[in-house]
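Geometric and topological summary
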Amino acid sequence: MYIHSTYVTSTPEEGRHLIKYTAALSKYLQLEDCDLVKAATNATNMVDTLNNKRGNDDLFNNIYNDAISFANNWQIDITTKRTGGCQIHRPNAPFTSAVEHYKINTYIPMLDYLITELRDRLCRPSPRMEAQYLIPAYSNLMTVDLWQSIKETYSSFLEDPLAADAEYEVYMNDVAAKKVNSDNLKGALLETYGFYPNIYNILKVLLTMPVSTATVERSFSSLRRLKTYLRSTMID
């Protein structure tokens, strides 16, 4: 996953520390039953955690001290790169000490990169993600304008567009009465089957949207066990 590859080779101590936080999310995004709603929720929580780490000076000092201990054990001198006036290929903020250099030119840029990647890939608002507010657990954020936007986004999947508004009204009444009370996308899909065909189709499309390419990659890995190099080059 991209989360695990970020800056680790150039800053092993900082990268190893941050991987402890991102490893669980990386593994979760590869699960077969992971959906966009859960992925976005977990990614948002991870972004909040990383933002808190960004402003924690004591945390960075601990990481830097660990790096110093590692360098001393292997007789490595802690040095800084020169500051060039026209340097554009790496962070080049001015500094007064080695610890300040590695904080503002390595640690913070790495954190910012992780946060930006998570936000752009999983947390950025998208019209297709608005359908998550049809899940009873998030229905308190649903509005009429939001429903109209959902209808427009998923218009090609509606079974009966003319009855969609009436179906939505009945559905929201049942949600308010706790007759439909699932707290996840899969559960909401099962509860809407049959009686709410339009909402069911919307949730079904949202559920089947892929979060990552892990499933596709697994299929190629399985194929490689069958279609080996020897079998591919054999002739009759």
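Below, the structure is looked at part by part. (Residues numbered from 1 in each chain as written. Predicted model: local features only at pLDDT ≥ 70, side-chain atom pairs only at ≥ 80, totals over all residues. Heavy atoms only, no water.)

1. Examining the overall build of the chain
Scanning the chain for helices and strands turns up eleven helices and zero strands. Mapped from its N terminus to its C terminus, the chain presents α and β elements in the order α-α-α-α-α-α-α-α-α-α-α. A globule of 236 residues ought to have a C-alpha radius of gyration of about 18 Å, yet the chain, at 25 Å, is considerably larger. The C-alpha extent of the chain, read off along each of the three principal axes, is 70 × 65 × 35 Å. Among the 236 residues that make up the chain, the fraction classed as buried is 36%. Accessible surface for the chain amounts to roughly 14800 Å². Of this, 54% is attributable to carbon and sulfur atoms. Charge separation in the chain, taken as the distance between the mean sites of 24 positive and 27 negative side-chain charges, equals 8 Å. (Helix = DSSP H or I, 4+ residues; strand = E, 2+ residues; numbered from the N terminus. Rg over C-alpha atoms; globule rule 2.2 N^0.38 Å. Buried < 20%, exposed > 50% of the residue type's maximum accessible area, 1.4 Å probe, protein only. Areas by Shrake-Rupley, 256 points an atom, 1.4 Å probe, with all protein chains shown as cover. Lys, Arg positive; Asp, Glu negative; His and termini not counted. Charge placed at Lys NZ, Arg CZ, Asp CG, Glu CD.)

2. Notes on a nonpolar patch on the surface
The grouping of F70, W74 and I76 at the surface amounts to a nonpolar patch, some 360 Å² of accessible area in total. Looking at the secondary structure, you find W74 in the loop between α4 (57–73) and α5 (98–123). (Patch = residues over 30% accessible without salt bridge, like charges linked within 9 Å, V, L, I, M, F, W, Y side chains within 5 Å. Salt bridge = Lys/Arg side-chain N within 4 Å of Asp/Glu carboxyl O.)

3. So, the environment of V205
Counting through the fold element by element, V205 comes out in helix α9 (residues 197–208). Each C-alpha atom of the pair V205 and F157 lies 8.1 Å from the other, and the pair is 48 residues apart in sequence. Those residues within four positions of V205 in sequence are excluded, and the remaining contacts are Y154 and F157. (Contact = heavy atoms within 4.5 Å.)

4. Describing the state of the cysteines
Evaluated as defined, the whole model comprises zero disulfides. Here C34 is not disulfide-linked; the sulfur of C123 is the nearest cysteine sulfur, at 12 Å. Residue C34 is classed as buried on the basis of its relative accessible area, which comes to 11%. (Disulfide = S-S within 2.5 Å.)

5. Notes on the nonpolar core
One finds L134, W147 and L206 to be the most contacted residues of the largest nonpolar core, which totals 30 residues. Considering every element that reaches this core, the biggest residue donor is α9, with six residues. The next biggest cluster of nonpolar side chains, apart from the first, holds 22 residues, and it includes L18, L29, L111 and L122. (Core = buried A, V, L, I, M, F, W, Y, C linked by side-chain atoms within 4.5 Å.)

Purely geometric numbers; function is a separate question.
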